[in-house]
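Coordinates in review
Listed here are the chains, written in short residue letters.
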Amino acid sequence: MRPALALLAPCTLALACGDATGGASSATLATTSAADPSDSSGTTAAPPTTGATGGVTDGLTGTGGATDSATTGDPTTGGEVACADSPHYRIGTAIRDVTGPVAELVMMGYSMPEQRAEGISTRLWSRAFVVEHPCSGGRIAFVSADVGQVFQGVHLEVVRRLQDKFGPDRYTFDNVALSATHTHSGLGGFSHYTMFNLAVGGFDPDNFEAIVAGIVDSIVAADAALDHGVVKIAQGPLQDANWNRSPQAYAGNPAPEREAHEAEMLRDTNTHMTVLRFERTAEGGLGGDPIGALAWFSSHATSVSNQNRLVSGDHKGLASYFMERHFGADYTAPAPFVAAFAQSDAGDVSPSEVVIGDPVNTVVRPCDTDPDPDCDDLENAAVHGRWQYERALELFEQAGEHLRGPVGGRLAFYDMEDVTVRPEFTGEAEQHTCKAAIGFSIAAGAEDGVAVAFIEEGIVYGDLPKVTLVPEDQECHEEKTILLPVGRMLPHPWSPTILPAQVLRLGSLAIVPVPFEITTISGRRVRQTVLDHLAGAGVTRAVIAGLSNGYSSYVTTREEYKAQHYEGAFTQFGPWTLAAWQQNFAEVAEALRDGVPAASTGTPLDLSDDQLINVPGVVADSPCALPDAILCLGEKFGDVVEPPPQSAAPGDRVVVTFRGAHPRNNLRSGTGFMEVQREGGGTWTTVARDWDPETRFRWRRTGGPLSPTSEVDLEWKLPADVQPGTYRFVYHGDAKSLGGMIKPISGTSPSFIVQ
């Protein structure tokens with residue numbers, strides 16, 4: 001993700017720079033454990049609860065004691081299994097729609113104000129997995145959502161709503177992890193922090209609500225689906241599916257470390273894919289029917305470029321779709337198979353081939369050189385998504401190793417501007433983090449989406465005249481030439497500075513949700529730190545879950561930071577940011593290991609009531625040039641403007657145009673704006689909707705920027721195996737009158753024959 005170009009003139013628009021203190025309420029949620037009451041703003045409120053309840057209750061110690069000596073019957077083996085080794089869980093999965101307003105809202109990821117959504121390629125989903133370990137009493141919920149980031153306001157609100165529904169103990173900050181796939185073709189305006197809403201033009205409450213409600217509903221549904229099951233794991237390489245987009249910075253890491261990494265991964269990225277197989281079993285069974293898959297693989301969700309205008313889950317969303325459909329998933333059914341392709345340590349990783357250049361690197365997407373007109377920008381996501389899906393399916397079918405033992409988690413909030421980093425993590429003397437700031441090189445953008453063409457990455461302090469906005473911070477940030485002191489903006493920081501470190505345990509697997517984009521070697525170091533501090537507790541593997549529970553841009557190694565490429569310039573808390581995070585995750589892992597609460601050092605700001613600039617809503621819709629439909633005599637919503645052809649064949653693209661209304665009026669979550677229907681026996685059966693990748697839904701305003709009129713194009717590319725017959729399109733929408741009343745509208749096309 002890159003910031004808005006407006007950041008090039010940071011403090012010239014009547015913006016105040018200074019210490020960010022006061023003005024915002026602290027996030028307050030029901031607590032189940034005490035924590036350090038201090039925070040950087042000087043308030044005395046306790047930090048939000050992490051819900052730790054001790055080792056006996058959640059059975060996390062794994063090194064003896066009451067929970068480890070407990071046994072559980074195992075009818076499959078005819079004997080008893082120690083709780084610490086029990087593979088018997090209760091599992092639940094669910095999927096819910098999180099697609100926001102798909103028209104006239106700036107898209108999230110490339111931060112280009114001109115990249116405004118115009119419809120849907122595929123819908124965006126929240127996929128939830130809940131696991132309980134009955135004999136030890138632990139529970140975790142993991143969500144992978146098709147969004148650019150899980151911003152801190154989303155994290156706070158989701159946990160708040162879960163606690164409102166279930167009480168303070170069932171779901172807490174400790175055991176709920178929310179991770180973003182990092183699609184760059186999602187929708188913006190759902191952060192409570194200025195920096196991430198600048199390009200969008202403000203906060204969008206409709207998008208925020210769609211995301212929060214969808215995530216909460218997915219967890220609630222997964223909780224309701226809890227029943228006996230097992231979780232199996234498989235890991236393996238996926239080669240030639242990700243490339244390091246910043247190899248010059250990567251090369252600065254110690255040679256022995258790079259050599260060890262490349263001996264394991266066979267290239268300068270993390271090529272490991274981790275796949276969990278969820279099976280519904282009889283009580284005590286060791287095998288059953290598959291109900292879900294959860295895969296982690298490191299690859300920026302930038303297959304689709306910044307020229308795209310249709311909402312898409314990018315390659316992660318497409319991989320999920322392919323696998324779900326492989327298992328017969330119907331998104332309108334109550335309990336479809338759920339397959340999540342979660343993000344991992346992809347901070348410096350592109351899905352596209354990277355061509356090393358001087359002075360800049362470039363990426364080559366699969367369709368860039370393909371003469372097939374159907375191989376367009378959106379098709380890049382299908383190509384990359386299929387690579388991940390096919391490998392994940394192989395690993396899914398091979399998965400035979402059961403995860404065994406306790407589940408649980410710990411989380412602590414840290415004031416990242418005030419971390420004293422111990423020598424064991426710096427490799428030298430004690431160091432300290434800095435006030436949050438971003439560097440000049442971010443203006444160049446990353447290789448997947450170049451920002452300002454005449455600015456290059458790698459601008460180190462001293463390359464330009466030694467002038468800085470904040471002399472007191474420049475020394476701390478060392479090589480970074482400060483462009484914007486986001487931590488000193490008033491009345492609140494422009495980016496969160498109090499952030500969560502979390503570690504989940506699912507049997508022998510540690511899941512490490514990180515609130516940032518983490519580079520390859522940084523991820524390697526964090527995984528090893530967590531494993532080192534869970535030694536002896538039965539945890540033998542660790543996986544990074546990227547962009548989770550908050551967002552604070554990037555984290556690079558100290559060596560990569562020196563190069564000040566895009567990722568280093570966006571490492572907000574200075575050269576020792578990674579070392580500070582290693583220390584934080586070590587402390588949280590130790591708390592998880594020992595079954596004690598993790599101590600927070602700060603309280604995240606709740607800025608939900610401080611959103612002063614909102615994205616404008618819809619004034620009115622009309623099927624004619626007059627301001628209200630009641631005044632239109634010859635036109636009505638749902639009229640067919642452009643009918644389909646009389647016949648079509650496999651591979652053809654059929655497009656029908658209707659008089660429509662603004663999609664913001666009703667997001668039509670879980671149902672969609674379009675249906676393709678086939679006639680049979682006197683009835684019409686739906687064969688495709690706007691979440692299927694062979695369809696595209698496009699909206700456009702007609703008659704000028706202030707006109708109330710609009711049209712929608714419903715497009716369907718006929719699959720190669722399409723069944724011959726009679727077909728039609730159905731459009732669903734909602735129109736807003738000048739008086740503010742919203743009513744449903746629809747339109748049906750003439751039928752056409754598929755040969």
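Summarised in this report is the structure supplied together with it. (Residues numbered from 1 in each chain as written. Predicted model: local features only at pLDDT ≥ 70, side-chain atom pairs only at ≥ 80, totals over all residues. Heavy atoms only, no water.)

Some points on the packing of helix H11 (residues 520-533) against helix H14 (residues 577-594)
Heads up, the condition is: Between N-to-C directions, angles cover 0 to 180 degrees, with each direction set by a line fitted to C-alpha atoms, over the stretch in contact for helices. Helix and strand assignments follow DSSP, with helices taken as H or I runs no shorter than four residues and strands as E runs no shorter than two, numbered in order from the N terminus. An angle counts as roughly parallel when it lies under 35 degrees, as roughly antiparallel when it exceeds 145, as roughly perpendicular when it falls between 65 and 115, and as oblique in every other case. Helix crossings fall into two classes, left-handed where the near helix is turned counterclockwise from the far one by less than a right angle and right-handed where it is turned clockwise. Note on definitions: a residue-residue contact is assigned when non-hydrogen atoms from the two residues lie within 4.5 Å. Under the scheme applied, nonpolar residues are Ala, Val, Leu, Ile, Met, Phe, Trp, Tyr, Cys and Pro; charged residues are Asp, Glu, Lys and Arg; polar residues are all the others, including Gly.
It is the contact of H11 with H14, at a shortest axis distance of 8 Å, that shows an interaxial angle of 30°. When the axis of H11 is compared with that of H14, the two are roughly parallel. In terms of crossing hand, the pair formed by H11 and H14 is right-handed. Each of Ser522, Arg525, Val526, Thr529, Val530 and His533 in H11 lies in contact with H14, whose residues at this interface are Leu578, Gln582, Phe585, Ala586, Ala589, Glu590 and Arg593. A breakdown of the residues in the contact of H11 with H14 according to their chemical character gives six nonpolar, four polar and three charged.

Focus on the sheet that holds strand E10 (residues 186-187)
Note the threshold: At least two bridges found by DSSP between two strands are what make those strands a pair.
An order of E10-E5-E6-E38-E39-E35-E33 is seen for the seven strands of this open sheet, with the pairing classed as antiparallel. The outermost strands of the open sheet, each flanked by one partner alone, are E10 and strand E33 (640-642). Judged from the two bridges that link them, strand E5 (residues 103-108) and E10 form a sheet pairing that is antiparallel. By the bridge assignment for E10, Met108 is matched with Gly186.

Section: unusual backbone geometry
Rules: Remark: exposure states derive from per-residue accessible area (1.4 Å probe, protein chains only) relative to the maximum for the residue type, with buried under 20%, exposed over 50%, and partly exposed in between.
The peptide bond linking Leu490 to Pro491 adopts the cis configuration, its omega dihedral lying at 5°. One can find Pro491 in the loop between strand E26 (482-484) and strand E27 (498-506). Located in the positive-phi region is Leu547, a residue other than glycine, with phi close to 50°. For Leu547, a relative accessible area of 3% puts it in the buried group.

Some thoughts on helix H6 (residues 255-265)
Which entries qualify depends on this criterion: What the arc describes is the spread of directions from the helix axis to the C-beta atoms.
Taken as a whole, H6 has its buried residues at Glu257, His261 and Met265. End-on, the buried residues of H6 take up no more than an arc of 50°, which puts them together on one face. Summarising the geometry of H6, the exposed residues directed more than 90 degrees from the buried face are Pro256, Glu259 and Ala263. In this fold, the buried residues of H6 make contact with helix H5 (247-250), strand E13 (272-280) and H11. Backbone geometry just downstream of H6 places Leu266 in the positive-phi region, at approximately 70°.

Quick look at the state of the cysteines
The cut-off we apply is this: Note on terminology: pairs of cysteine sulfur atoms within 2.5 Å are recorded as disulfides.
Taken as a whole and judged by the stated rule, the model has four disulfides. Across a sulfur-sulfur distance of 2.0 Å, Cys434 and Cys476 are joined as a disulfide pair. Judged by the sign of its S-S torsion, about -90°, the cystine formed by Cys434 and Cys476 is left-handed. Here Cys434, found in the loop between strand E22 (431-432) and strand E23 (438-439), pairs with Cys476, found in helix H10 (residues 471-477); they are 42 residues apart in sequence, far enough to count as distant. In this model Cys624 forms its disulfide with Cys632; the gap between the sulfur atoms is 1.9 Å. What sets the handedness of the Cys624 and Cys632 disulfide is the S-S torsion sign, and at about -80° it is left-handed. Comparing Cys624 with Cys632, the two get one shared label, buried.

With respect to the sheet that holds strand E30 (residues 541-545)
Here four strands make up an open sheet; going across it, the order is E20-E27-E28-E30 and the pairing mixed. Unpaired on one side and paired on the other, strand E20 (407-415) and E30 mark the two borders of the sheet. Each strand of the sheet is rotated relative to its neighbour by a mean of 20°, with strand direction disregarded. The pairing of strand E28 (residues 509-513) with E30 spans five bridges and is classified as parallel. Paired with Ile511 across the strands is Val543, a residue of E30.

Some remarks on the nonpolar core
Heads up, the condition is: For the purposes of this section, nonpolar cores are sets of buried Ala, Val, Leu, Ile, Met, Phe, Trp, Tyr and Cys residues that join through side-chain atoms within 4.5 Å.
Ile215, Ile219, Phe585, Phe697 and Phe729 are the most contacted members of the largest nonpolar core, which has 120 residues in total. Considering every element that reaches this core, the biggest residue donor is H14, with ten residues. Ranked by size, the runner-up nonpolar core spans 57 residues in total, among them Trp125, Phe322, Ala339 and Val543.

Points about the packing of aromatic side chains
Applied cut-off: To pair, rings of Phe, Tyr and Trp, with the six-membered ring standing in for Trp, must have centres within 6.5 Å; the planes then decide the type, stacked if under 30 degrees apart, edge-to-face if over 60, and tilted in the middle. Only lysine NZ and arginine CZ atoms are considered, and such an atom sits over a ring when it is within 6 Å of the ring centre and within 35 degrees of the ring normal.
Enumeration according to the criterion identifies 28 aromatic pairs in this entry. Measuring from centroid to centroid gives 5.6 Å for Phe203 and Phe208, while their planes differ by 55°, and the two rings are tilted. For the pair Phe203 and Phe208, a shared accessibility class is recorded, and that class is buried. An aromatic cluster is present here, built from Trp125, Tyr321, Phe322, Tyr331, Tyr389 and Trp691 joined pairwise through their rings. Residue placement shows Lys165 over the ring face of Phe166; its charged tip is 5.9 Å from the ring centre. Geometry around Trp243 places Arg267 over its ring, the cationic atom sitting 5.1 Å from the centre.

Focus on the packing of helix H7 (residues 314-326) against helix H8 (residues 377-398)
Between H7 and H8, whose axes approach to 7 Å, the crossing angle comes to 50°. One element, H7, and the other, H8, form an angle in the oblique class. Judged by the sense of rotation from one axis to the other, the crossing of H7 with H8 is right-handed. Contacts between H7 and H8 pair Asp314, His315, Lys316, Leu318, Ala319, Phe322, Met323 and His326 from the former with Ala381, Ala382, His384, Gly385, Arg386, Gln388, Tyr389, Ala392, Leu393 and Phe396 from the latter.

A closer look at the environment of Thr183
Inclusion rule: Between N or O atoms, a polar contact is any pair within 3.5 Å; within protein, one atom must be a potential hydrogen donor and the other a potential acceptor, and residues adjacent in sequence are included only when both atoms are from side chains.
As for its position among the elements, Thr183 is in the loop between strand E9 (176-180) and E10. Between the C-alpha atoms of Thr183 and Lys316, which are 133 residues apart in sequence, the distance is 7.6 Å. When neighbours within four sequence positions are excluded, Thr183 is seen to be in contact with Met108, Asp146, Val147, Gly148, Ala301, Ser312, Gly313 and Asp314. Polar contacts involving the side chain of Thr183 include one to the main-chain amide nitrogen of Ser185, which spans 3.0 Å. Among the polar contacts listed, one links the side chain of Thr183 to the backbone oxygen of Ser312, at a separation of 2.7 Å.

Here's the deal with the pattern of salt bridges
Applied cut-off: When a carboxyl oxygen of Asp or Glu is within 4 Å of a side-chain nitrogen of Lys or Arg, the pair counts as a salt bridge.
By the definition in use, this model includes 45 salt bridges. Among the ionic pairs, Asp97 bridges to Arg123, the shortest N-O distance being 2.8 Å. Residue Asp97 is located in strand E4 (residues 89-97), and its partner Arg123 is located in the loop between strand E6 (116-120) and strand E7 (125-133); the two are separated by 26 residues in the primary sequence. For the residue pair Asp97 and Arg123, the accessibility class agrees, reading buried in each case.

Looking at the side chain of Lys316
Applied cut-off: When charges are counted, Lys and Arg contribute as positive and Asp and Glu as negative, whereas His and the chain ends are disregarded.
Structurally, Lys316 can be placed in helix H7. In this structure Lys316 is buried but unpaired, with Asp345 as the nearest side chain of opposite charge at 9.0 Å. Among the polar contacts listed, one links the side chain of Lys316 to the backbone oxygen of Ala342, at a separation of 3.2 Å. Apart from the residues within four sequence positions on either side, Lys316 is in contact with Thr181, Phe297, Ser299, Phe341, Ala342, Gln343 and Gln388.

A few points about the environment of Asn175
Along the chain, Asn175 falls in the loop between helix H3 (152-166) and E9. Measuring from C-alpha to C-alpha, the distance between Asn175 and Gly408 comes to 6.0 Å, with 233 residues separating the pair along the chain. Dropping the residues within four chain positions of it, Asn175 is found in contact with Arg139, Ile140, Ala141, Arg170, Gln502 and Leu504. At a separation of 3.0 Å, a polar atom in the side chain of Asn175 contacts the main-chain carbonyl oxygen of Arg170. Looking at Asn175, its side chain comes within polar contact range of the main-chain nitrogen of Thr172, at 2.9 Å.

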